[in-house]
Structures are given as C-alpha cells and as structure tokens.
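# Close look at the chain arrangement
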Amino acid sequence: MWNLHRCASPIKKQGCCVEVSGLLLWGIKHDTASYFSGDNLGAKGLCLREESYDTSPIVGKFFLGSRRLSSCVSEKSCDEDVLKETFLELEKTLSAKLTEDINVEEEVKQEFNPEPRRLDDPLLESENDLYLRYREPLKRETSLVLLRTIMDSPARYIPGILKRFVEAVEDLSHVEASKIVFILWKHHMYYKALQISEWLDTTKQFEHSENDYASRLDLIAKVQGVDVAEKYMKNVPDSLRGELLYRILLANCVRSGNMEKSEAVFEKMRTLGLPITIYTLNQMIILYKKCDRRRIPGILSFMKKENLTPSLLTYRILIAARGESGDIIGMEQLVEGMKSHGLQPDTHFLTDLARFYISEGLKDKAIAILKEIGGGNSQEFIRARNKLFSLYASLDMANDVSRIWNHCKSGPTMLECEAAIGAWGKLGKVEEAEAVLEMAMQKFKGLSSRLFSELLRVYALNNQISKGKEFIERMRRFRCWSGPLVWDGLVRFYVEAGDVAKAASILSKAAERQSGGAVKPLFNSYMVVMEQYAKCGDVHNAEKWFHRMKQCGYTGRIRPFQILIQAYLKAKTPAYGLRERMKAEDVSPNKEFSMQLSKIDALKRDVLLTRDVLGVFT
C-alpha cells in the first residue's frame, strides 16, 4: 500500500487556508457579512485568518484530536506550499521502487470501490451505455497513484497534477485516463472528471468515439447545466451525434425537471429518425410521472405502437405512480401483469411495494414482502439492507433494525450507516444514531455529508434542539464539508426548531454562492421554507421564495404552485394570474390542484361581491 494519504485534505492539515465553500456554517453563529469582509478574505475568496482554538471535550466525542490554527498567513504562499507538497508527494511515490507485490486490480476494488450508486434510481438506466470500454480496473501502478492524488487533492490543483504526472511518467494512455474519469464519475466527482476530460481534449492525441463525446456531454450537463451541454453538442461531428448523445442529453433534462426542454429533445430524436428505445421512453415516463401524469398513457400507446416491450424499470415507474397516489389495487394489478410477461420483481422492486403498503397502513402486506426479501447473508438481503432499515423503522420494529445493523456493522457501507442513523432516529433512539456516526468517522477516511445531514434530522425529529445546535457548532469548527445536503439538513433542522428565519437565511446564503458557479441548493430545501410560510398564510415570503427558486433554475414543476396557492388560501387572499403563470412554465394542473383553483375562484367572487356591497353604501 503506497503512502500517499498525506496528500488528503492538505488545506485542513496545514490549517492555514480554508476555502469559502466551507464557511456557510460559520455564518450560522457569527456575522457572515463581517467574516466575509476584506480583512478575512483574499482576492480569490480564500480565508487568510482564523481564530486559534483547541477542541473541547464535548467536541472530541465526534471530532477526535486537537489542533491550533495559524493566523495572518499569505494566501499565495499557502496555495503554493500545498501545491508543492502535493507534487513532491506524487513524484516521490512515482519514483519509489515498490518492494511489495501489489495487485492493482485488488487495490482499486478495495480502496476505490464507491458507495453503491443508487441503482434503484431510474435515471441511471439511460447511463448504462456510458464508459462501456473503460469499466475494467486500472492496470498500471502509476495510474492508481494518479487516481489517489486526484481524489485527495482540491479540484483547482488537477491541471498542474496532470502536467507534472505526464512529465514524470511520459505517458498517460487514453484508456487509463478514461478509466480514471469513470471511477470519478462513479464517486459523483463530476467536476474533477470533467477537468480530466477537458485535459484529454487539449492533448489532441486521441480520436474520440461517440461514447467519449457522450460521457463528456453527461459531465457538462451535470456540472454546468443542460444549456451548456446543448451548446457543446453542436460542436460534436455530425457522424457521431447519434442516439446515445441525445439519450444522455434527454436523461439530464429529465433529471433537471425541465419538461419543455425534455420534450424538445425527444421530438428532435423523432425528427432525426433516431431509434426510440425503451430506455428513452422510460425517461419520458419518469418526466411525466413528475410533471404531468395525464400524459403517461400517450407514451404507453407509443410504446405499444412501436412494438417495444416494457422493461422491469417501466413497471417500477408505473407502479410507483400508482402507489404514490394511493391506488393499491391498480398497483397490484400492474404487478400481476408484469409477472404474466415473465418479469420477476427484484429487491428494489419489492422494497418499493413494501413502502407503498406501509404508507397506506397495510402493515401485514408490508411484513410479508419483507419476509420475501429474506434475511441472513443472502445476496437479496445484502443488497436491500440500506432500504430495510427505513422500512422496519416505519413499522416500529426496533428489534429488526438492530438485527440488520448487527449483520452489517462489521463492514458497513456509508449508505448503510446513513440508513441506520435515520432508522434509529425514527425510533427515537438518538444515542444509537450518534454511535453509528462515531463508528463511521473512525472507519471512513472522508465522510459523506449525508451522514451529518441525517443526524441533524434525527435531532430535529426528536426535538433535541440544544443537542443539534451543539452538533452544528462542531461542524462549523471543523469545517465539515459544505454542500446541498448539509444545507438541506440545516434548513430542515431550524424549521423543526421553529426558527424559519434562520432556515431562510441559510438557504439564502447557499443560493448566493450558487450564483457564483457553485452547486445550487436542493429543490426540496426551497419547498421546506415555502411550506412554512404557506402554513402561516405569509403570501409575501411564499412568493419571494418562489421567485428565488426560479432564479436557481427550478421551473416547470407543479409542487411550488401547490404550495403557493395554499398560502393564498390560508391568507384568504385572491391570487390573480396563477393559470397564466403555470401555462408560461408548461405546468398542467392535476385534480387536486384544480380543486384548489376552484377555491381561489370562489374567493375572488367573494371579494368582488364584498366590494360591490360596500360600494352601494358609500
């Protein structure tokens, strides 16, 4: 095992230069405006000064060790020193004579096998064709060294690292580089993967295939948005601009929830005469399931006309639509129809069914499904463990949650730790949830922000507000990774604590960062804040956050309009022009929303009638 881990998080280890991306947590307790002043920030937004502190005993429970940060450090010298150290470590490792027989394939499998991508996420099906040529493990030791260095280093150092690597090794094959891109993609490190893809393009040494262009298009869409991806697609040679590229673009449009753009891409594929596969139609069903379920039958009719056989995913999406609407009979009919076509439900399918049964109060049917999945060390059980935590917790079956945790706690994945924290929180066992996080911090080199966010939800769910605030303070002090999931956890925590203004302030700061090119807050974070204002009948703030949500790029969805109309109804205030606003975003009202619109129309008539009556007496 090569000793390259000193490169990991070099900024944290030197303690002298902290990126602004981690400073939103500082603003929770301190005056953000003064902290982001010129005295504390350099020209590029790097923190040059920090208070000195040592960890207190209460902090040490979750964050072990003691450190003291230096002050008044030059931004330029700090940046150069860290970069120099990274290069020296890279060159040292590359030039070292390895004395042990290292199995590179096993190294990659053990160290770089990511948390399982959520394979039950239907959006991933369209990406199955990506990186087909590059899914074999890395074969060269030097490539593994490069991968380690890239994963452990800040993104801004990657161009320099690649340049120094090529100078030292004199060769980085297209295949090995593409394998590294694929591994980063699996780890959701899309920005770093895009940087390497762009670097490969600048070398002009390789002839790109359709798959190469498709993977680059996918990364651009994920990092920079579908508008930029569309512009990139125009530069792809006509001979390589085929079904795969359009399908990847469509999948990313669907992921963004943009119905207008998704439909435009789908129609373009049909106009160009490109093959319309079941993967493409599944994407359209996912789109309409989110935006306008009345259009799903049209896609099913098209599928039948083209003699396309529904896949297991097709049935999963349709059954989810039935289950979410509470139509259990229709859901069970679809299951029988699927089985009659020779398709058997897999683990993810069964956990979906159990979840819908639980939501409708059909406990016995849910337990029967869970027994069907099995237990012990069966592969079905192992694949479903992270889902089973939540299901058993929803059924208030603490013994089964404990049983599953005992099965996996000797070697859990990060997703299983996250699920266990959430399950213990549902059951009101906060100390058990804390113990899972503490164990995960000792096991994993870099924790996912999901775990911190999940524990915050546990504190909020169990009304342990003071404990949650202590935990937030620990996160602030130790610069825990900041991002959409952490922001979402903070927003939900303060909403549960009854401090909607603080939740809105955090979301506002996160949105301001997004305007500078950072990752945007989650859609659900906006919904949480809007819902609170709607419950109070605060139309002004509900409209304000509706507008900010649109500025962030979340458009074409019915849920924000549903929350907005609730605010008007609660305030007993007429809402004018809602239908026109929905039409402008290509959003169609469902049955529930149409009823709410009728109430608004009745409210308008009452207001007009009141005005007319008052006019008679004046």
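Owing to the predicted nature of the structure, the values given are computational and were not obtained by experimental measurement.

Regarding its fold elements, the chain presents 33 helices and 2 strands. The buried share among the 618 residues of the chain stands at 50%. Within the chain, contacts between residues separated by at least 24 positions form 69% of all contacts whose residues are at least 6 apart in sequence. When the accessible surface of the chain is totalled, it reaches about 29,600 Å², and 51% of it is carbon and sulfur.

A word on the packing of helix H18 (residues 328–340) against helix H19 (residues 347–359). Viewed as axis vectors pointing N to C, H18 and H19 meet at an angle of 160 degrees, and their least axial separation amounts to 11 Å. By the angle between their axes, H18 is roughly antiparallel relative to H19. H18 and H19 meet at a crossing whose hand is left-handed. Contacts from Ile-328, Met-331, Glu-332, Val-335 and Met-338 in H18 reach Phe-349, Leu-353, Phe-356 and Tyr-357 in H19. Taken together, the residues of the contact of H18 with H19 sort by class into 8 nonpolar, no polar and 1 charged.

Let us now look at the nonpolar core. Among the nonpolar cores identified, the biggest contains 99 residues, and Leu-353, Leu-388, Phe-389 and Tyr-526 are the most heavily contacted of them. When residues of this core are assigned to their parent elements, the largest contribution, 8 residues, is made by helix H29 (residues 523–535). Leave out the neighbours within four places in its chain, and Tyr-526 touches Leu-507, Ala-511, Pro-521, Trp-545, Arg-548, Met-549, Cys-552 and Tyr-554. Formed by 63 residues, the second largest nonpolar core is a distinct cluster that contains Leu-146, Leu-217, Ile-286 and Leu-318.

A few words on the environment of Ser-448. Checked against the element boundaries, Ser-448 lands in the loop between helix H24 (430–443) and helix H25 (449–461). According to the relative accessible area criterion, Ser-448 is partly exposed, its value standing at 23%. Linking Ser-448 and Val-486, residues 38 residues apart in sequence, is a C-alpha distance of 9.7 Å.

Below, the discussion takes up the side chain of Ser-262. Mapped onto the secondary structure, Ser-262 falls in helix H14 (residues 259–271). Classification of Ser-262 as buried rests on a relative accessible area of 0%. One polar contact links the side chain of Ser-262 to the main-chain carbonyl oxygen of Asn-258, over a distance of 2.7 Å. If sequence neighbours within four positions are ignored, Ser-262 has contacts with Leu-250, Cys-253, Val-254, Met-284 and Leu-287.

Turning our attention to H19. Look at H19: 19 Å from first C-alpha to last across 13 residues, which is about the 18 Å you get at 1.5 Å a residue. Among the residues making up H19, those that are buried are Thr-347, His-348, Phe-349, Leu-350, Thr-351, Asp-352, Leu-353, Ala-354, Phe-356, Tyr-357 and Ile-358.

Applying the stated criterion across every chain yields a total of 25 salt bridges. With its nearest N and O atoms 3.2 Å apart, the salt bridge here joins Asp-292 to Arg-294. Note on Arg-294: relative accessible area 55%, which makes it exposed. Close ionic contact of Asp-488 with Arg-457 constitutes a salt bridge, the shortest N to O distance being 2.7 Å. Of this pair, Asp-488 sits in helix H27 (residues 484–496) while Arg-457 sits in helix H25, placing them 31 residues apart in sequence. For Arg-457, a relative accessible area of 34% translates into the label partly exposed.

The next point concerns the side chain of Arg-385. The topology assignment puts Arg-385 in helix H21 (residues 379–394). Note on Arg-385: relative accessible area 9%, which makes it buried. There is a polar contact of 2.9 Å between the side chain of Arg-385 and the side chain of Glu-416. Those residues within four positions of Arg-385 in sequence are excluded, and the remaining contacts are Ile-404, His-407, Cys-408 and Glu-416.

Our focus in this paragraph is unusual backbone geometry. One non-glycine residue, Asn-307, lies in positive phi territory at about 55 degrees. Counting through the fold element by element, Asn-307 comes out in the loop between helix H16 (296–305) and helix H17 (312–324). Looking at Asn-307, the relative accessible area reads 69%, which means it is exposed. A positive phi angle, close to 60 degrees, is found at Asn-463, a residue other than glycine. With respect to the helices and strands, the residue Asn-463 is situated in the loop between H25 and helix H26 (465–477).

The rules behind the values
Residues numbered from 1 in each chain as written. Predicted model: local features only at pLDDT ≥ 70, side-chain atom pairs only at ≥ 80, totals over all residues. Heavy atoms only, no water. Helix = DSSP H or I, 4+ residues; strand = E, 2+ residues; numbered from the N terminus. Buried < 20%, exposed > 50% of the residue type's maximum accessible area, 1.4 Å probe, protein only. Contact = heavy atoms within 4.5 Å. Areas by Shrake-Rupley, 256 points an atom, 1.4 Å probe, with all protein chains shown as cover. Axes fitted to C-alpha atoms, helices over the stretch in contact; angles between N-to-C directions. Parallel < 35°, antiparallel > 145°, perpendicular 65-115°, else oblique. Left-handed = near helix turned anticlockwise from the far one by under 90°. Nonpolar A, V, L, I, M, F, W, Y, C, P; charged D, E, K, R; others polar. Core = buried A, V, L, I, M, F, W, Y, C linked by side-chain atoms within 4.5 Å. Polar contact = N/O pair within 3.5 Å; in protein donor to acceptor, adjacent residues only side chain to side chain. Expected span 1.5 Å × (residues − 1). Salt bridge = Lys/Arg side-chain N within 4 Å of Asp/Glu carboxyl O.

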